[in-house]
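Listed below, chain by chain, are the residues.
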Amino acid sequence: NKAMVWSGRGDDKEAIKILTTLIEKKPQSADAYYNRAEEYEKTGQPQKALIDYNRCILIDSTDVQALLKRSKIRDEIGDEQGAIADCSNALKIQEMAELYYLRARPYYDVPDYTKVIEDCTNAIRLKKDYFEAYVLRANAYDLLSDYMNAIKDYNKAIEINPSYIEAYEQLAVAHSLHGDYIGALSDLSRAIKIKPNNVALIKKRAVMQYATKNFKG
């Protein structure tokens, strides 16, 4: 429709104007509310987007994408229980890896790390190379002091995305908490190979070198 044409041209304000006119003519159009909500998100207006997703879902409670999008906004504004409820309702309609991951994120903030692990595991079951799910699950294992499983997940995350520096840092922490300072030193050295001028990484490696009594670099 015309709104999507203007949106495609990058004129989101005109798209919103057209969709608003459409909503005035067809106030029961779930699609119109959904599309305007997306435009509001693109223009940095999450509260207005949230209102339109609410209206869309009131008209069509089975709209999985609207539930998914609303859960993201709710999570961002600190409404963890609302985000969890949206993902749970959407999962009753359609099982998706992204929905499990999106539900795991507010569970992490609650916090309920057992639920995080459960949801990330389901996300990975449906999407084997789900990098973000491996990282989040590793973080949860870390906080439950299950360092062996945390190390496995950080390694898998690095295998999927070798340039993600934070994974090496988190892996180094997990190795050190597990008592493997040599492993932690290796993790930091690998990270420095990717970003050789990162002062923070160099300092962390120096601390680890001191811990291992290894000053060779």
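In this convention, every chain numbers its residues from 1, walking through the sequence in written order. With the structure being a predicted model, the display of local features is reserved for residues of pLDDT at least 70 and the display and counting of side-chain atom pairs for 80 or more, all residues being used for whole-chain, interface and lining totals. In computing side-chain properties, one takes all heavy atoms of the structure into account and sets aside hydrogens as well as water.

Just give me the short version of the overall build of the protein chain, but keep the residues and values in it.
A count of helices and strands for the protein chain gives 13 helices and zero strands. Starting at the N terminus and walking to the C terminus, you meet the elements of the protein chain as α-α-α-α-α-α-α-α-α-α-α-α-α. The dimensions of the protein chain, computed from C-alpha atoms along their principal axes, are 75 × 35 × 25 Å. Classification of residues uses two cut-offs on accessible area relative to the type maximum, computed with a 1.4 Å probe and protein chains only: under 20% is buried, over 50% is exposed, and between them is partly exposed. The 217 residues of the protein chain split such that 45% are buried. Contacts in the protein chain between residues at least 24 apart in sequence constitute 44% of all its contacts with a sequence separation of at least 6. A gap of 4 Å separates the mean positions of the 32 positive and 32 negative side-chain charges of the protein chain. Here a helix means four or more residues in a row that DSSP labels H or I, a strand means two or more in a row labelled E, and each is numbered from the N terminus. We call two residues in contact whenever any of their non-hydrogen atoms come within 4.5 Å of each other. A residue counts as positive if it is Lys or Arg and as negative if it is Asp or Glu; His and the chain ends are not included. A charged residue contributes its charge at one atom only: NZ of Lys, CZ of Arg, CG of Asp or CD of Glu.

How would you explain unusual backbone geometry if you had to name every residue and give the values?
P111 follows V110 through a cis peptide bond whose omega is -5°. In this fold, P111 is placed in the loop between helix 7 (97-109) and helix 8 (113-126).

Account for the packing of aromatic side chains, naming residues and giving values.
The pairing test for Phe, Tyr and Trp rings, Trp by its six-membered ring, is centres within 6.5 Å, and the orientation test on the planes gives stacked under 30 degrees, edge-to-face over 60, and tilted for anything in between. Taken as a whole, this structure holds four aromatic pairs when the rule is applied. Ring geometry for Y101 and Y130: centres 5.3 Å apart, planes at 40°, overall tilted. Of this pair, Y101 sits in helix 7 while Y130 is found in the loop between helix 8 and helix 9 (131-143), placing the two residues 29 residues apart along the sequence. Taking the relative accessible area as the measure of exposure, Y101 reaches 14% and is therefore buried.

Break down the side chain of D119 for me, citing the residues and quoting the values.
On the secondary structure map, D119 appears in helix 8. Among the residues examined, D119 registers a relative accessible area of 2% and is labelled buried. The residues contacting D119, other than those within four sequence positions of it, are Y100, R103, A104 and Y107.

I'd like a rundown of the state of the cysteines, residues and numbers included.
A pair of sulfur atoms, both from cysteines and within 2.5 Å, is called a disulfide here. Taken as a whole and assessed by the stated rule, the structure comprises zero disulfides. C87 carries a free sulfur, and the closest cysteine sulfur to it, the one in C120, is 12 Å from it.

Just give me the short version of the nonpolar core, but keep the residues and values in it.
Within the largest apolar cluster, 62 residues are counted, with the highest numbers of intra-cluster contacts made by Y53, L99, Y101, V116, Y130 and A133. With eight residues, helix 9 is the largest single contributor of residues to this core. Side-chain atoms within 4.5 Å link the members of a nonpolar core, which is a set of buried Ala, Val, Leu, Ile, Met, Phe, Trp, Tyr and Cys residues.

Talk me through the pattern of salt bridges; I want residue IDs and the actual numbers.
Only one rule defines a salt bridge in this text: a Lys or Arg side-chain nitrogen within 4 Å of an Asp or Glu carboxyl oxygen. With the rule as written, the count across this model stands at 15 salt bridges. With a shortest N-O distance of 3.4 Å, E98 and K72 are connected by a salt bridge. You can see E98 sitting in helix 7 and its partner K72 sitting in helix 5 (residues 64-76), a full 26 residues away along the chain.

Quick one: what's the story with the packing of helix 2 (residues 12-25) against helix 3 (residues 30-42), residue by residue and with numbers?
All axes are obtained by fitting lines to C-alpha atoms, using only the stretch in contact for helices, and the reported angles, taken between N-to-C directions, cover 0 to 180 degrees. Packing of helix 2 against helix 3 leaves a shortest axis separation of 9 Å and a crossing angle of 155°. What the angle tells us is that helix 2 and helix 3 run roughly antiparallel. The hand of the helix 2/helix 3 crossing is left-handed. Contacts between helix 2 and helix 3 involve D12, A15, I16, L19, T20, L22 and I23 from the former and A32, Y33, N35, R36, E39, Y40 and K42 from the latter. Classes in brief: Ala, Val, Leu, Ile, Met, Phe, Trp, Tyr, Cys and Pro nonpolar; Asp, Glu, Lys and Arg charged; the others, Gly included, polar. Taken together, the residues of the contact of helix 2 with helix 3 break down into eight nonpolar, two polar and four charged. An angle counts as roughly parallel when it lies under 35 degrees, as roughly antiparallel when it exceeds 145, as roughly perpendicular when it falls between 65 and 115, and as oblique in every other case. Two helices cross in a left-handed way if the nearer one is turned anticlockwise from the farther one by less than a right angle. They cross in a right-handed way if the turn is clockwise.

Quick rundown of the side chain of D86? Include the residues and the values.
Along the chain, the position of D86 falls in helix 6 (residues 80-93). Under the rule applied, a polar contact is a pair of N or O atoms within 3.5 Å (in protein, one hydrogen donor and one hydrogen acceptor; residues adjacent in sequence only if both atoms are side-chain atoms). A distance of 3.2 Å separates polar atoms of two side chains, one belonging to D86 and the other to R74. Residues within four places of D86 in sequence aside, it is in contact with L67, R70, S71 and R74.

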